[in-house]
Amino acid sequence: MWEFSTDRPIYLQLMDRLQLRIVNGTYQPGDKLPSVRELAQEASVNPNTIQKALSELERSGILYTQRTNGRFITEDAAMIDKLKSQLAEEQLVEFLKKMKDFGYEPKDIITLIEKHSQETAAD
Amino acid sequence: MDTILECKDLTKRYGSFTALSSLNLSLEKGQIIGLLGPNGSGKTTLIKCMNGLLAPTSGEILVGGYRPGVESKRILSYLPERNALPDWMKVRDLVHYFQDFYADFRTEKAFDMLKDLKIDIHKRLKNLSKGTKEKVQLILAMSRKADLYCLDEPIGGVDPASRDYILRTILNNYSEQAAVLISTHLIQDIETVLDRVLFLQDGELKLNAAVDEIREQRGISVDALFREVFKC
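Rules used throughout
- Residues numbered from 1 in each chain as written.
- Chains lettered and ligands numbered in written order.
- Predicted model: local features only at pLDDT ≥ 70, side-chain atom pairs only at ≥ 80, totals over all residues.
- Heavy atoms only, no water.
- Helix = DSSP H or I, 4+ residues; strand = E, 2+ residues; numbered from the N terminus.
- Contact = heavy atoms within 4.5 Å.
- Areas by Shrake-Rupley, 256 points an atom, 1.4 Å probe, with all protein chains shown as cover.
- Rg over C-alpha atoms; globule rule 2.2 N^0.38 Å.
- Buried < 20%, exposed > 50% of the residue type's maximum accessible area, 1.4 Å probe, protein only.
- Lys, Arg positive; Asp, Glu negative; His and termini not counted.
- Charge placed at Lys NZ, Arg CZ, Asp CG, Glu CD.
- Salt bridge = Lys/Arg side-chain N within 4 Å of Asp/Glu carboxyl O.
- Buried area = accessible area lost by both parts, 1.4 Å probe.
- Nonpolar A, V, L, I, M, F, W, Y, C, P; charged D, E, K, R; others polar.
- Arc of directions from axis to C-beta.
- Domains from an automatic or database assignment.
- Polar contact = N/O pair within 3.5 Å; in protein donor to acceptor, adjacent residues only side chain to side chain.
- Axes fitted to C-alpha atoms, helices over the stretch in contact; angles between N-to-C directions.
- Parallel < 35°, antiparallel > 145°, perpendicular 65-115°, else oblique.
- Left-handed = near helix turned anticlockwise from the far one by under 90°.

(A) Quick look at the overall build of chain B. Scanning chain B from terminus to terminus reveals nine helices and nine strands. Principal axes of the C-alpha set define a box for chain B whose edges measure 45 × 40 × 35 Å. Sequence-distant contacts in chain B: of pairs separated by 6 or more residues, those separated by 24 or more amount to 67%. About 10700 Å² of surface is accessible on chain B, with carbon and sulfur atoms providing 46% of the total.

(B) Structural view of the overall build of chain A. Tallying secondary structure elements over chain A gives five helices and two strands in all. Counting helices and strands in the order they occur from the N terminus, chain A gives α-α-α-β-β-α-α. Rg of the C-alpha trace for chain A: 18 Å, well past the compact-globule value of 14 Å for 123 residues, more than 25% over. With the C-alpha coordinates of chain A rotated into their principal frame, the extents come out at 55 × 35 × 30 Å. By residue count, 32% of the 123 residues in chain A fall in the buried class. For chain A, contacts bridging at least 24 residues in sequence account for 47% of all contacts bridging at least 6. Within the structure as shown, chain A displays about 8000 Å² of accessible surface, and the carbon and sulfur contribution to it stands at 53%. Charge-centre separation for chain A: the mean point of 16 positive side chains lies 6 Å from the mean point of 20 negative side chains.

(C) Examining the pattern of salt bridges more closely. Overall, the coordinates contain 16 salt bridges over all chains when judged by the stated rule. Residues Lys107(A) and Asp108(A) are paired through a salt bridge, measuring 3.8 Å at the closest nitrogen-oxygen approach. The residue Asp2(B) makes a salt bridge to Lys29(B) at a minimum N-O spacing of 3.9 Å. Highlighted residues: Asp2(B) in the segment before strand E1 (3–14) and Lys29(B) in the loop between strand E2 (17–28) and strand E3 (32–36), separated in sequence by 27 residues. Here Asp2(B) falls in the partly exposed class, since its relative accessible area comes to 47%. Taken together, the salt bridges that share partners define one network made up of Lys8(B), Glu60(B) and Arg67(B).

(D) Expanded view of the interface of chain B and chain A. Listed as interface residues are 21 residues of chain B and, on the opposing side, 20 residues of chain A. Contact between chain B and chain A buries roughly 1700 Å² in total, counting both sides, with carbon and sulfur atoms accounting for 46%. On the chain B side of the interface with chain A, the three residues burying the most area are Thr192(B), Asp212(B) and Arg215(B), jointly 34% of the side's total. Seen at the junction of chain B and chain A, the total is zero salt bridges. If you list the elements that add at least two residues to the side of chain B that touches chain A, you get helix H6 (160–172) and helix H8 (211–218) of chain B. In terms of residue class, the side of chain B that touches chain A is made up of seven nonpolar, seven polar and seven charged.

(E) Focus on helix H3 (residues 91–101) of chain B. Residue and element names in this part refer to chain B. Listed in full, the buried residues belonging to H3 are Val 91, Leu 94, Val 95 and Phe 98. Along the long axis of H3, the arc covered by the buried residues comes to 105°, so they all point the same way. Contacts from the buried residues of H3 go to helix H4 (107–116) and helix H5 (130–142).

(F) Examining the domain arrangement of chain A more closely. Residue and element names in this part refer to chain A. Taken domain by domain, chain A holds domain 1 (10–75) and domain 2 (78–121). One C-alpha centre belongs to domain 1, the other to domain 2, and the line joining them spans 27 Å. Across the contact, nine residues belong to domain 1 and five residues belong to domain 2. Across the interface of domain 1 and domain 2, roughly 650 Å² is buried in total on both sides, 84% from carbon and sulfur atoms. Broken down residue by residue, the surface that domain 1 buries against domain 2 is led by Gln 19, Val 23 and Ile 62, which jointly contribute 64%. At the surface where domain 1 touches domain 2, the tally comes to zero salt bridges. Joining domain 1 to domain 2, the criterion identifies zero residue pairs in polar contact (both at pLDDT 80 or more). It is helix H1 (residues 10–23) that contributes the most residues to the side of domain 1 that touches domain 2, three residues altogether. Within the side of domain 1 that touches domain 2, the residues separate by chemical class into five nonpolar, four polar and no charged.

(G) Representation of the packing of H1(A) against helix H4 (residues 77–102) of chain A. All names here are of chain A. At a closest axis distance of 10 Å, the pairing of H1 and H4 adopts a crossing angle of 120°. The orientation of H1 relative to H4 falls into the category oblique. The crossing of H1 and H4 is left-handed. Listed contacts from H4 to Gln 19, Ile 22 and Val 23 of H1 are Ile 80, Leu 83, Lys 84 and Leu 87. In terms of residue class, the contact of H1 with H4 is made up of five nonpolar, one polar and one charged.

Listed below in C-alpha cells is the structure:
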C-alpha cells in the first residue's frame, strides 16, 4: 500500500512514484512494467487511476506500449537522464524556496550542504 | 460504456418523511463508486431500492436495465449492512448455500479467501466475532461474478489489516464488466480505491464527481471535502 498526500490528484502522485522507480533503476530501460492490475494491487489504488497515470507517462514518451505485450520503459537512456535532472531540479527549487523562507541566502545554503556532507562522510 | 444503474426521479417516502427525493443518477460499468453521506441521508434506502427490498414511492430504478426482480438479482451481488444469513450455519455450509443459490458463485475463490483471512470454516457464523462475521459476508458477496456489487458498510467492523485485504480483494475483483458501489463513512480508508463519489444529503444527490477531479479542481481530498460539505 502506498501513501498519498491529500491535496493532489492521485494519478499525479502515481506518476511521481513510477518516475522515481525509473530514474533510480528499480525499473531498467527496456523493462516490462507490471500490469495495471498488479500495480493497482500493490498501491491499493483504483485500476482506472493507474491507467490514467500510465497513459500520461506514455504521452511523455518515458513508457511505450507494445501491442498485446504490455507496457515497457523507454530504452532511450538520454530521456531517462533528462527526466532525472528534471525531477532533481523540481526538488531543488522546492528546497531552495523553503530555505529562503527560513532566511538563508544561497551561499549560506552551500556552506550548510558542504558541512553536512563532511559530517555524514565522517560517520 | 454500459449503464449498470439508473435512477429516474426516484422518490421514497416513509409516511411524511422523504428519504429519497427525485433522485436522478446513471452509473456506468468499470467503476468503483463510493456512496457517501451522513447518517440518515438515504444511502441504505437507495441500496434497498436497488435490491427490491423497498419499493419506490414514485420514479424508477433500473439495474442493468431491469426493474428490481429475478433478473436484476441475478446480476447484482448485495452485502447488507446487517447480517441476513442464518447464523446457525457453519461457514463451509454457507459457501455451499451460496453456490446452490447463485449460478455465478465461485466456490473455489470463496474458500481461497476464507483461507487467506484464516477463518475457521467449521465454525458456526454465530460463534464468530463481529469483524469475522463481516468478513465472511463480504467474501460471500465478492465471490459472485456479478455485474454490480452493492456493499453497504463493508469495512466498518474489521481491523485495519483485514481492511487492506478486503480493499485489495475488491481491486483484484475489478473488471470492466462490473461496477462496485460501496457505502461507507470511512472515506479516508477507501479514497484511493474509488473512481467516483456520490454525496447524498437529505435524500438528494449533492455531488457526483470523479475523485481526481475533486482533488484537481479543489486541491483537497474527498475526505476533506466531505467534512466541508457536511460540517455540523
